[in-house]
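Residue-level structure breakdown
Listed here are the chains, written in short residue letters.
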Amino acid sequence: MGMMINPATLYVVATPIGNLDDITFRALHVLKSVDWIAAEDTRHSAHLLEHYQIKTSMVSFHEHNEEMQQRKVLGALSNQQSVALISDAGTPLVSDPGYHLVRAAVQEGFSVVPIPGACAAIVALSAAGLPSDRFIFEGFLPAKQHARVQRLEAIREELRTLIFYESPHRILALLQDMLQVLGEERRVVIARELTKLYETIHSDRLVDVLAWMTAHHEQQCGEFVVLVEGYEEGKKIAAEDERILKTLLKELPLKQAVRLAAVLTNKPKNALYELALKL
Ligand code: SAM
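Bear in mind that the values here come from a model prediction, so they are computed numbers and not experimental data.

**Describing the packing of aromatic side chains**
Applying the stated criterion to the full structure yields two aromatic pairs. Here Phe-137 and Tyr-165 contribute two aromatic rings whose centre-to-centre distance is 5.0 Å and whose plane-to-plane angle is 75 degrees, an arrangement assigned as edge-to-face. Of this pair, Phe-137 sits in strand β6 (residues 135-140) while Tyr-165 sits in strand β7 (residues 161-166), and the two are 28 residues apart along the sequence. Given the relative accessible area of 12%, Tyr-165 is considered buried.

Now the structure itself:
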């Protein structure tokens, strides 16, 4: 497929999530060649366009003017123009505006062409070390605590790896609510400031992640992806865990062996206790 820009086409273009180098040749070509760029925040995106010396005209397209701007974009498409949709960072429509526009463009028979690139959730998953064969994206949980806890309760027994987005002013509250609903033992990965100067990927049990973040104020700044292992994963006792438990049981009373095994394996005490009784 060559680098042709087609008329009457909506290009959905992923942009970097921090490091400006994380953009594809194809994305740059499309942004240079389309008639319009519909940007979530034109001032924010001006920085990216300047960096790559892209002079294409921008129109603003955010959640508060989405409906009105949608008609303009569809109008441009009917006039055989091409439009690129971008958001402030990453892939449009992923916790970002654009869904209604893309749906309308599809319904009205325009071509919609995705130009792939960064998405914070996938970037985080690729380095988290949690099961990645199956996962679910929860995006932002509700801002109000009651609704947030309810949502966490609804997904408490989800088996797949869970991926959340969170902002710096709610990150501690999110982890506190997670601790309350999901318990201490779940493995959690905090992926902060991905692709940026202070990129941090920190993995530990939920209770320890919360303690670590509470103790280190600088870890509460920036942008976050929070990944949580699925329900069963943490409870599964692997062969290696069983070996550790057996070794400890040979030397120590049951309760003590279980307690130590929990520390060494990061597995829940009750599951280890059940296994110890069987052994
Ligand atoms: N469309 C974007 C994407 O594809 O990832 C997400 C936009 S959403 C409004 C912004 C949220 O994405 C942030 O609050 C944070 O949870 C996550 N995020 C974006 N960039 C990030 C980065 N560099 N490091 C960690 N999280 C990031």
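**Considering the site of the ligand**
As a matter of local geometry, the ligand sits amid 19 residues, with Ile-17, Thr-91, Asp-96, Tyr-165 and Phe-224 nearest to it. A distance of 3.1 Å separates a nitrogen atom of the ligand from a polar atom in the backbone of Ala-89. At 2.7 Å from an oxygen atom of the ligand is found a side-chain nitrogen or oxygen belonging to Tyr-165. Listed by contribution, the elements that provide at least two residues to the shell around the ligand are β7 and β10 (224-228). For the shell around the ligand, the class distribution of residues is 11 nonpolar, three polar and five charged. In terms of domain composition, the shell around the ligand takes at least three residues from each of domain 1 (9-118) and domain 2 (121-229).

**With respect to the sheet that holds strand β5 (residues 111-115)**
The strand order across the open sheet built from five strands is β3-β2-β4-β1-β5, with neighbouring strands paired in parallel fashion. For this open sheet the edge positions go to β3 (57-60) and β5, each flanked by a neighbour on one side alone. In this sheet, adjacent strand axes meet at a mean angle of 25 degrees when their direction is disregarded. Contacts from helix α4 (residues 99-107) reach β1 (9-13), β4 (83-86) and β5 within the one sheet, and its direction differs from that of β1 by about 150 degrees.

**Examining the pattern of salt bridges**
This model, assessed by the stated rule, comprises 12 salt bridges. Here Arg-148 ties to Asp-177 by a salt bridge, and the two come within 2.7 Å at their closest N and O atoms. Linking Arg-148 in helix α6 (residues 145-154) with Asp-177 in helix α7 (residues 171-182), this pair joins segments that are 29 residues apart in sequence. An identical accessibility class is assigned to Arg-148 and Asp-177; each is buried. Arg-156 is the salt-bridge partner of Glu-157, the closest N and O atoms lying 2.8 Å from each other. Overall, the relative accessible area of 31% leaves Arg-156 in the partly exposed class.

**Quick notes on the nonpolar core**
Ranked by size, the top nonpolar core spans 23 residues in total, and within it Phe-164, Leu-175, Met-178, Ile-190, Val-226 and Val-228 carry the most contacts. The set of elements that each furnish at least two residues to this core consists of α6, β7, α7, β8 (187-192), α8 (206-215) and β10. In terms of residue count, the dominant contributor to this core is α7 (six residues). Apart from residues no more than four positions distant in its own chain, Val-228 is found in contact with Leu-130, Thr-161, Leu-162, Phe-164, Met-178, Leu-182, Arg-186, Arg-187 and Val-188. Ile-23, Leu-48, Leu-49 and Val-113 belong to the second-largest nonpolar core, a separate cluster that totals 18 residues.

Rules used throughout
- Residues numbered from 1 in each chain as written.
- Predicted model: local features only at pLDDT ≥ 70, side-chain atom pairs only at ≥ 80, totals over all residues.
- Heavy atoms only, no water.
- Phe/Tyr/Trp six-rings, centres within 6.5 Å; stacked < 30°, edge-to-face > 60°.
- Helix = DSSP H or I, 4+ residues; strand = E, 2+ residues; numbered from the N terminus.
- Buried < 20%, exposed > 50% of the residue type's maximum accessible area, 1.4 Å probe, protein only.
- Near = heavy atom within 4 Å.
- Polar contact = N/O pair within 3.5 Å; in protein donor to acceptor, adjacent residues only side chain to side chain.
- Nonpolar A, V, L, I, M, F, W, Y, C, P; charged D, E, K, R; others polar.
- Domains from an automatic or database assignment.
- Pairing = 2+ DSSP bridges.
- Axes fitted to C-alpha atoms, helices over the stretch in contact; angles between N-to-C directions.
- Contact = heavy atoms within 4.5 Å.
- Salt bridge = Lys/Arg side-chain N within 4 Å of Asp/Glu carboxyl O.
- Core = buried A, V, L, I, M, F, W, Y, C linked by side-chain atoms within 4.5 Å.

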